[in-house]
Amino acid sequence: HITPEKFYVEACDDGADDVLAIDRVSTEVTLTVKKDVPPSAVTRPIYGILGTIRLVAGTYLIVITKKKKVGEIFSHAIWKATDFDILSYKKTMLHLTDIQLQDNKVFLSMLNHVLSVDGFYFSTTYDLTHTLQRLANTSPEFQEMSLLERADPRFVWNGHLLREFAAQPEIHRFAMPVMHGFITMHSCSINGKCFDWLLISRRSCFRAGVRYYVRGIDSEGHAANFVETEQIVHYRGSKASFVQTRGSIPFFWSQRPNLKYKPKPQISKSVNHMDGFQRHFDSQIISYGKQMIVNLVNQKGSEKPLEQTFAKMVNSMANGMVRYIAFDFHKECSRMRWDRLQILMDQLTEQQDEFSYFLVDSDGKIVTHNCMDCLDRTNVIQSLLARRSLQAQLQRLGVLHVGQRIEEQADFEKIYKNAWADNANACAKQYAGTGALKTDYTTGKRTQWGLIMDGWNSLIRYYKNNFSDGFRQDAIDLFLGNYSVDEVEPASPLHDKKDWKFLALPIIMVVAFSMCIICLLMAG
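A quick note: this is a predicted structure, and the numbers were derived from the prediction, not measured.

*Asks:* Could you give an account of the overall build of the chain, with specific residues and numbers?
*Replies:* Looking only at helices and strands, one finds 15 helices and 16 strands in the chain. Taken over C-alpha atoms, the radius of gyration comes to 25 Å for the chain, in line with the 24 Å a tight globule of 524 residues would show. For the chain, the spread of C-alpha atoms along the principal axes amounts to about 80 × 70 × 55 Å. For the chain, long-range pairs separated by at least 24 residues make up 66% of all intrachain contacts whose partners lie at least 6 apart in sequence. Element-wise, carbon and sulfur atoms account for 56% of the exposed surface of the chain, whose accessible area totals about 24,900 Å². The centroid of the 61 positive side-chain charges in the chain is displaced by 7 Å from the centroid of its 57 negative side-chain charges.

See the structure below:
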């Protein structure tokens, strides 16, 4: 309910009388009741509060205006937020200069850009940010906490937007953690036995960004573009889960766009890599236990130093909890020789069997991956490892008969492959700006059409990486609170005086192109 003085957010659960009152002048947030909402208020339905953010014009409230049901996890509804609205606390913009108005517009377009990227999910009753295994190892106090308090901060994408709400426990019910990534759910049947199969990818909000702008780790040990992927099987009350993680190679390196198709990775020479590296794996071991690193980068060319440094650092860390395998994906599988992936699978078999998987009443450990472009290659390998785990789970739960293989179950295999391809596409769009490459392999066979689509996506990635990813990176940093708009800041970071050289090239190109066209038209 909107009035000139306040926003009133009314809870619509049965029997709820709570109303959140947000003062548009003082920005104070208090709890009140339905009868306090003025009848003159303009009313509209919303599905949740994403949070608040300060821009040049003052504070804004971001709300979810459309949602779509993805399905249910253990009878908890899971929703995808599909549309948002950004509402200004201020009633006019008359207090702003023209430049401030322009800046405010740019910041708003950044927020709208982040919100337009598909993949925001929430539930009002279930904790989406934790794996089944983490949820099974919790204390009674944890169960009592609000969803916001107990959520894993790595996967709460509106954590920064909700910081004002987090400070007031009495209003936590109105503050929903929203995750970014991918969720798909399918009811499947094999041998006449029905089970639910789910795939959840959680994208970390620490060191998140676009393809070439964030690489490696930060001083806290957070790897760039870290994603935790969990595959869940639910059959007759038994729940099994298999977890894999992926992220950028965890030391200090960068790969800035420079108009080359593939910029050369630069390993930082001035810092102590071991500190951040050690931090990264300490937190991985706390979260996931034993680690098996699968490094899929090229072992020659510009990626070679990354592989060598990684192997050297794992050796010098000498931690029995961490093992390392390097597999040159592009070399081994060149010319569409996808059967060679079996070499890697054979190397991982023993380790994967030792890690097992999490069954709700037995104890599983977790496989973790690391890779450079933590996308297309990784998705192929992850889907193969997840299939091996699923095979074991379905046999143990009695869905598959002895000797039966998942690959032979045509209907399920189709669902499985499409879901993993959708997962790759969702992660790729969020990070590289286009769909994933090699998804035709995940969905079955590597095809000529797949190669053409890869070429098209590569072209679009090249353009975006060089010309529009700066804006996308800034937008993510604004949304996640890595950059805060200062209302009193005299010089705006958006006004960068461009050198004449920046204008010279486009002008020369336009003249050259025009001449070329004229010559073609007047060839005689």
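*Asks:* I'd like to hear about the side chain of His 180, residue by residue, with values.
*Replies:* Mapped onto the elements of the fold, His 180 is located in strand β8 (residues 179–190). Among the polar contacts listed, one links the side chain of His 180 to the backbone oxygen of Asp 118, at a separation of 3.4 Å. Setting aside anything within four residues of it in sequence, one finds His 180 in contact with Val 117, Asp 118, Gly 119, Phe 120, Trp 157, Ser 201, Arg 202, Arg 203 and Gln 430.

*Asks:* Tell me about the sheet that holds strand β10 (residues 227–235), and name the residues and values.
*Replies:* In space, the nine strands of this open sheet follow the order β4-β5-β6-β7-β8-β9-β10-β11-β16, with antiparallel pairing throughout. Of all strands in the sheet, those bounded by a partner on one side alone are β4 (48–55) and β16 (358–359). In the sheet, strand β6 (residues 76–88) pairs with strand β7 (residues 120–122) via three bridges, with the strands oriented antiparallel. Residue pairing in the sheet places Lys 80 in a bridge with Tyr 121 of β7.

*Asks:* I'd like a description of the sheet that holds strand β1 (residues 6–10), backed by residues and values.
*Replies:* Overall, antiparallel pairing links the three strands, which are arranged β1-β2-β3 in an open sheet. Of all strands in the sheet, those bounded by a partner on one side alone are β1 and β3 (29–33). This sheet shows a mean twist of 30° between the axes of neighbouring strands, independent of strand direction. Here strand β2 (residues 18–23) pairs with β3 via five bridges, running antiparallel. The residue bridging Leu 20 from the neighbouring strand is Leu 31, located in β3.

*Asks:* An account of the packing of aromatic side chains is requested, with residue identities and associated values reported.
*Replies:* Any two aromatic rings considered together are summarised by their centre-to-centre distance and by the angle between their planes. Under the definition given, this model contains 16 aromatic pairs. On the basis of an interplanar angle of 55° and a centroid distance of 5.9 Å, the ring pair of Phe 329 and Trp 338 is categorised as tilted. A residue is classified by how much of its surface remains accessible, and Phe 329, at 1% relative accessible area, is buried. A residue is classified by how much of its surface remains accessible, and Trp 338, at 12% relative accessible area, is buried. Relative to Trp 420, the ring of Tyr 416 has its centre 6.4 Å away and its plane inclined at 50°; by these criteria the two rings are tilted. Of this pair, Tyr 416 and Trp 420 are both found in helix α11 (residues 410–431), four residues apart, which corresponds to roughly one turn of the helix. The positively charged end of Lys 239 is found above the aromatic ring belonging to Phe 74, 4.3 Å away from the centroid.

*Asks:* Talk me through the nonpolar core; I want residue IDs and the actual numbers.
*Replies:* The biggest cluster of nonpolar side chains holds 39 residues, and the ones touching the most others in it are Phe 195, Trp 197, Leu 341, Leu 344, Leu 394 and Phe 412. Put simply, the parts of the chain that give this core at least two residues each are β8, β9 (193–203), β10, β11 (238–246), β14 (291–295), α9 (341–355), α10 (376–396) and α11. Considering each element in turn, this core owes the most residues, seven residues, to α10. Of all hydrophobic cores here, the second largest spans 34 residues; its members include Ile 86, Leu 96, Leu 111 and Leu 478.

*Asks:* Describe a nonpolar patch on the surface, naming the residues involved and giving the relevant values.
*Replies:* Where nonpolar side chains cluster on the molecular surface, the patch consists of Leu 503, Ile 507, Val 511, Phe 513, Met 515, Ile 517, Ile 518, Leu 520, Leu 521 and Met 522 and spans about 1,100 Å² of accessible area. Looking at where Met 515 falls in the secondary structure, it is placed in helix α15 (residues 500–521).

*Asks:* With reference to specific residues and values, describe the pattern of salt bridges.
*Replies:* One pass over the full model with this rule turns up 21 salt bridges. With a shortest N-O distance of 2.6 Å, Arg 173 and Asp 18 are connected by a salt bridge. Of this pair, Arg 173 sits in the loop between α5 (163–166) and β8 while Asp 18 is found in strand β2, placing the two residues 155 residues apart along the sequence. Under the relative-accessibility criterion, Arg 173 is labelled exposed at 59%. Where salt bridges share partners, they join Arg 134, Asp 152, Arg 154, Arg 202, Glu 228 and Glu 230 into one cluster.

Calculation rules
Residues numbered from 1 in each chain as written. Predicted model: local features only at pLDDT ≥ 70, side-chain atom pairs only at ≥ 80, totals over all residues. Heavy atoms only, no water. Helix = DSSP H or I, 4+ residues; strand = E, 2+ residues; numbered from the N terminus. Rg over C-alpha atoms; globule rule 2.2 N^0.38 Å. Contact = heavy atoms within 4.5 Å. Areas by Shrake-Rupley, 256 points an atom, 1.4 Å probe, with all protein chains shown as cover. Lys, Arg positive; Asp, Glu negative; His and termini not counted. Charge placed at Lys NZ, Arg CZ, Asp CG, Glu CD. Polar contact = N/O pair within 3.5 Å; in protein donor to acceptor, adjacent residues only side chain to side chain. Pairing = 2+ DSSP bridges. Axes fitted to C-alpha atoms, helices over the stretch in contact; angles between N-to-C directions. Phe/Tyr/Trp six-rings, centres within 6.5 Å; stacked < 30°, edge-to-face > 60°. Buried < 20%, exposed > 50% of the residue type's maximum accessible area, 1.4 Å probe, protein only. Lys NZ or Arg CZ within 6 Å of the ring centre and 35° of its normal. Core = buried A, V, L, I, M, F, W, Y, C linked by side-chain atoms within 4.5 Å. Patch = residues over 30% accessible without salt bridge, like charges linked within 9 Å, V, L, I, M, F, W, Y side chains within 5 Å. Salt bridge = Lys/Arg side-chain N within 4 Å of Asp/Glu carboxyl O.

Note that all results are geometric; they support no functional claim without further evidence.
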